[in-house]
Amino acid sequence: MKLALGALLLLTLCSCKSSGIAQHRGGDLMGLDSFALASRYGTPASYQHQGEYLQLNYGSTAVGCQVIVLVDQQQRVAGWASAGRSCPAR
């Protein structure tokens, strides 16, 4: 549980530290399963384990939009953040 809170804290710190990063707690991604996420964003550019969560990284700063998604053990979106000029405003 501590690692899960640490992963969410990491996203919060990133949103405060860098301008242009927007963290989203609500919205249209929360609770989506991994299949719906894959149909929307495709294959992630990279991923890493964050305790009980899997962090999926979509896009890149080179293309102007990066989306970071945390997926829980039930394969549902638990949190996400986005950064970049080309990211849609939320």
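Residues numbered from 1 in each chain as written. Predicted model: local features only at pLDDT ≥ 70, side-chain atom pairs only at ≥ 80, totals over all residues. Heavy atoms only, no water.

Chemist: Now, about helix α2 (residues 34-41): what can you tell me, with residues and values included?
Modeler: For α2, the side-chain oxygen to backbone nitrogen distance between the N-cap and F35 is 3.2 Å, and the N-cap itself is D33. Positive backbone phi, at 80°, marks G42, one or two positions downstream of α2. (Polar contact = N/O pair within 3.5 Å; in protein donor to acceptor, adjacent residues only side chain to side chain. Helix = DSSP H or I, 4+ residues; strand = E, 2+ residues; numbered from the N terminus.)

Chemist: Help me get a handle on the pattern of salt bridges, residues and values and all.
Modeler: Following the criterion strictly, the structure yields 1 salt bridge and no others. Between R76 and D72 there is a salt bridge, with its nearest N and O atoms 3.4 Å apart. Taking the relative accessible area as the measure of exposure, R76 reaches 38% and is therefore partly exposed. (Salt bridge = Lys/Arg side-chain N within 4 Å of Asp/Glu carboxyl O. Buried < 20%, exposed > 50% of the residue type's maximum accessible area, 1.4 Å probe, protein only.)

Chemist: Quick rundown of the confidence of the model for the protein? Include the residues and the values.
Modeler: Looking at the protein as a whole, the pLDDT averages 74, with 68% of positions reaching at least 70. Scored below 50 in pLDDT, residues 1-26 shows 36 contacts in the model against residues more than four places distant or in partner chains. (pLDDT = per-residue confidence, 0-100. Contact = heavy atoms within 4.5 Å.)

Chemist: Residues and numbers for the nonpolar core, please.
Modeler: Grouped together as the largest cluster of nonpolar side chains are 11 residues: L29, L37, L56, Y58, C65, V67, V69, V71, V77, W80 and C87. Looking at this core, the elements with two or more residues in it are β3 (53-60), β4 (65-71) and β5 (77-83). No other element matches the 4 residues that β4 contributes to this core. (Core = buried A, V, L, I, M, F, W, Y, C linked by side-chain atoms within 4.5 Å.)

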